[in-house]
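Close look at the chain arrangement
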Amino acid sequence: MSWRGWRQTPLRKPLPVLCVLFTFCVIIACLIQDKDVPPNIMYLLAAIDGVSVGGYMGSSAYESRYGDGSTANSYMSECTDYDDDEKEATH
């Protein structure tokens, strides 16, 4: 897959990276202040990271299996559709 540039990159790709970097910054700030991360902030960060990273992994898996729907993936139109028995045999 070639790089499409920031303007054409879907938000689901850089968003998990930004969420994890934000979490890292919060943890570093708490370490510098010699404080524990408050439980409510910890649960919020875990939820944000889990949803963003999990959503990215799910969309990436779907995209690798079925394509991203862009016209750049013209090879997907040439692929044959599998029936349920053939999908079971290949995976």
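Residues numbered from 1 in each chain as written. Predicted model: local features only at pLDDT ≥ 70, side-chain atom pairs only at ≥ 80, totals over all residues. Heavy atoms only, no water.

**A few points about the overall build of the protein**
Across its full length, the protein carries four helices and zero strands. Taken from the N to the C terminus, the helices and strands of the protein come in the order α-α-α-α. Put simply, of all contacts in the protein between residues at least 6 apart along the chain, 50% involve residues at least 24 apart. As presented, the protein carries roughly 7500 Å² of accessible surface, and 63% of it is formed by carbon and sulfur atoms. (Helix = DSSP H or I, 4+ residues; strand = E, 2+ residues; numbered from the N terminus. Contact = heavy atoms within 4.5 Å. Areas by Shrake-Rupley, 256 points an atom, 1.4 Å probe, with all protein chains shown as cover.)

**Considerations on the packing of helix α1 (residues 14-32) against helix α2 (residues 39-66)**
For any two helices packed against each other, one specifies the inter-axial angle together with the distance between the axes. The contact between α1 and α2 brings their axes to 9 Å, and the two run at 155 degrees. Regarding the angle of α1 to α2, the classification is roughly antiparallel. Crossing handedness for the pair α1 and α2: left-handed. Across the interface between the two elements, P16, C19, V20, F22, T23 and V26 of α1 pack against I41, L45, I48, D49, S52, V53 and Y56 of α2. Per-class residue counts for the contact of α1 with α2 are 10 nonpolar, two polar and one charged. (Axes fitted to C-alpha atoms, helices over the stretch in contact; angles between N-to-C directions. Parallel < 35°, antiparallel > 145°, perpendicular 65-115°, else oblique. Left-handed = near helix turned anticlockwise from the far one by under 90°. Nonpolar A, V, L, I, M, F, W, Y, C, P; charged D, E, K, R; others polar.)

**Quick notes on the packing of aromatic side chains**
A complete count under the given rule lists one aromatic pair for this structure. The interplanar angle of 45 degrees and the centroid separation of 4.9 Å between the aromatic rings of Y62 and Y66 together place this pair among those described as tilted. Of this pair, Y62 and Y66 are both found in helix α2, four residues apart, which corresponds to roughly one turn of the helix. Using a relative accessible area of 52% as the deciding quantity, one classes Y62 as exposed. (Phe/Tyr/Trp six-rings, centres within 6.5 Å; stacked < 30°, edge-to-face > 60°. Buried < 20%, exposed > 50% of the residue type's maximum accessible area, 1.4 Å probe, protein only.)

**Comments concerning a nonpolar patch on the surface**
Together, F24, I27, I28, L31 and I32 give the surface a local cluster of nonpolar side chains, amounting to about 510 Å² of exposed area. Here I32 shows up in helix α1. (Patch = residues over 30% accessible without salt bridge, like charges linked within 9 Å, V, L, I, M, F, W, Y side chains within 5 Å. Salt bridge = Lys/Arg side-chain N within 4 Å of Asp/Glu carboxyl O.)

**A short note on α1**
Counted at 1.5 Å a residue, the expected span for α1 with its 19 residues is 27 Å, and the 27 Å between its end C-alpha atoms agrees. By the burial criterion, the buried members of α1 are P14, P16, C19, T23, V26 and C30. Next to the buried residues of α1 lie α2. Count one or two residues on from α1 and you reach D34, which has phi positive near 55 degrees. (Expected span 1.5 Å × (residues − 1).)

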